[in-house]
Amino acid sequence: MHTSYLSACTFTDSDHQLLTASGDGTCALWDVGSSQLLQSFHGHQSDVMDVAMSPDECGNLFISGGCDRNAIVWDMRSAKHVYSYQTHESDINTVRWFPSGETFATGSDDGTIRMYDLRADREISCYKRTSVLFGVNSVDFSISGRLVFGAYNDYLVHVWDVLRGQKLITLFGHENRASCMRVSPDGTAFCTGSWDSTLRVWA
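Residues numbered from 1 in each chain as written. Predicted model: local features only at pLDDT ≥ 70, side-chain atom pairs only at ≥ 80, totals over all residues. Heavy atoms only, no water.

Another point: the overall build of the protein. A tally of regular secondary structure across the protein gives zero helices and 19 strands. Taking 17 Å as the expected radius of gyration for a compact globule of 203 residues, we find that the protein reaches 16 Å, a close match to that expectation. In terms of principal-axis extent, the alpha carbons of the protein reach across some 45 × 40 × 35 Å. Taking all 203 residues of the protein together, 50% fall into the buried category. Considering only intrachain contacts with a sequence separation of at least 6, the fraction spanning at least 24 residues in the protein is 34%. Surface exposure of the protein reaches about 9900 Å², of which carbon and sulfur atoms provide 49%. Each charge sign in the protein was given a centre, from 15 positive and 24 negative side chains, and these centres are 8 Å apart. (Helix = DSSP H or I, 4+ residues; strand = E, 2+ residues; numbered from the N terminus. Rg over C-alpha atoms; globule rule 2.2 N^0.38 Å. Buried < 20%, exposed > 50% of the residue type's maximum accessible area, 1.4 Å probe, protein only. Contact = heavy atoms within 4.5 Å. Areas by Shrake-Rupley, 256 points an atom, 1.4 Å probe, with all protein chains shown as cover. Lys, Arg positive; Asp, Glu negative; His and termini not counted. Charge placed at Lys NZ, Arg CZ, Asp CG, Glu CD.)

This is how it looks when you write it as structure tokens:
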């Protein structure tokens with residue numbers, strides 16, 4: 001059982017199981033039907049802020065990111081972490097898999113989005129500019145994986161070219177921090193939620 005607030009939740013590849021992240025520093029796997037705890041995942045030294053299931057068809061891996069600046073890749077079968085990356089300079093607020101499932105992105109209060117490759121077992125990209133000084137609350141990829149979108153504390157949405165590492169465009173509209181975002185299943189639009197109490201759809 002968690003002993004602090006829940007920060008994130010997601011279904012696994014099965015509708016019968018849920019994965020949660022908590023301020024108690026753990027992740028947990030639950031059976032939906034019985035409400036029973038199936039497995040706890042211990043490894044973070046502080047609050048866990050987000051989790052994401054691998055898009056791989058096997059569905060055995062998930063990533064978590066936390067206030068200990070650590071991004072951990074877990075194997076649900078063994079309940080052990082198989083990769084761990086700590087290159088951010090502040091809290092990790094968000095994690096998201098690349099569409100292929102071989103790399104993933106993290107967003108942090110240090111104002112950067114970073115990408116990690118499981119095959120190379122290292123950070124491969126860092127998306128930052130001196131003009132972007134605010135934390136990243138949420139990230140997502142375009143369907144092709146060519147673009148990565150970031151929702152920031154400066155009320156803006158910044159769009160980055162994954163391959164070139166360049167910021168392509170900045171989207172204005174929110175009047176408070178952009179707190180969450182997701183790309184639509186068909187990839188033609190994405191939505192952002194904000195502390196200004198609005199949800200905006202961009203296409």
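Taken in spatial order, the four strands make up an open sheet running 1-2-3-4, and their pairing is antiparallel. Each having just a single partner strand, strand 1 (6-11) and strand 4 (37-42) make up the two edges of the open sheet. Averaged over all pairs of adjacent strands, the angle between strand axes in this sheet comes to 20°, irrespective of strand direction. (Pairing = 2+ DSSP bridges. Axes fitted to C-alpha atoms, helices over the stretch in contact; angles between N-to-C directions.)

With that settled, the discussion passes to the pairing of strand 2 (residues 17-22). Here strand 1 runs beside strand 2; their pairing, made up of five bridges, is antiparallel. The partner of C9 across the bridge, within strand 2, is T20. As consecutive antiparallel partners, strand 1 and strand 2 are separated by five residues. Counting the residues in the hairpin turn of strand 2 and strand 3 (residues 26-31) gives three residues, including G25, whose phi is positive at 85°.

Right, let's talk about the packing of aromatic side chains for a bit. Overall, the coordinates contain twelve aromatic pairs when judged by the stated rule. Each ring, one from Y127 and one from W160, has its centre 6.0 Å from the other, and the planes form 55°; the classification is tilted. Residue Y127 is found in strand 12 (residues 122-127), and its partner W160 is found in strand 15 (residues 157-161); the two are separated by 33 residues along the sequence. Between F190 and W202 the ring centres are 6.4 Å apart and the planes differ by 20°, which places this aromatic pair in the stacked class. Linking F190 in strand 18 (residues 190-194) with W202 in strand 19 (residues 199-202), this pair joins segments that are twelve residues apart in sequence. The same class applies to F190 and to W202, which are both buried. Ring pairs connect the aromatic residues Y83, Y85, W97, F104 and Y116, which therefore count as one cluster. The residue whose ring lies beneath R177 is W195, and the NZ or CZ to ring-centre distance is 4.1 Å. (Phe/Tyr/Trp six-rings, centres within 6.5 Å; stacked < 30°, edge-to-face > 60°. Lys NZ or Arg CZ within 6 Å of the ring centre and 35° of its normal.)

Bringing the pattern of salt bridges into the picture now. Taken as a whole and assessed by the stated rule, the structure comprises seven salt bridges. Close ionic contact of R96 with D140 constitutes a salt bridge, the shortest N to O distance being 2.8 Å. Residue R96 is found in strand 9 (residues 92-97), and its partner D140 is found in strand 13 (residues 136-141); the two are separated by 44 residues along the sequence. Note on R96: relative accessible area 26%, which makes it partly exposed. Since its relative accessible area comes to 4%, D140 is described here as buried. For D117, the salt bridge is made with R119, and the minimal N-O distance between the two is 2.7 Å. Through salt bridges with shared partners, a single ionic network connects E102, D117 and R119. (Salt bridge = Lys/Arg side-chain N within 4 Å of Asp/Glu carboxyl O.)

These results come straight from atomic positions and should not be treated as a statement about function.
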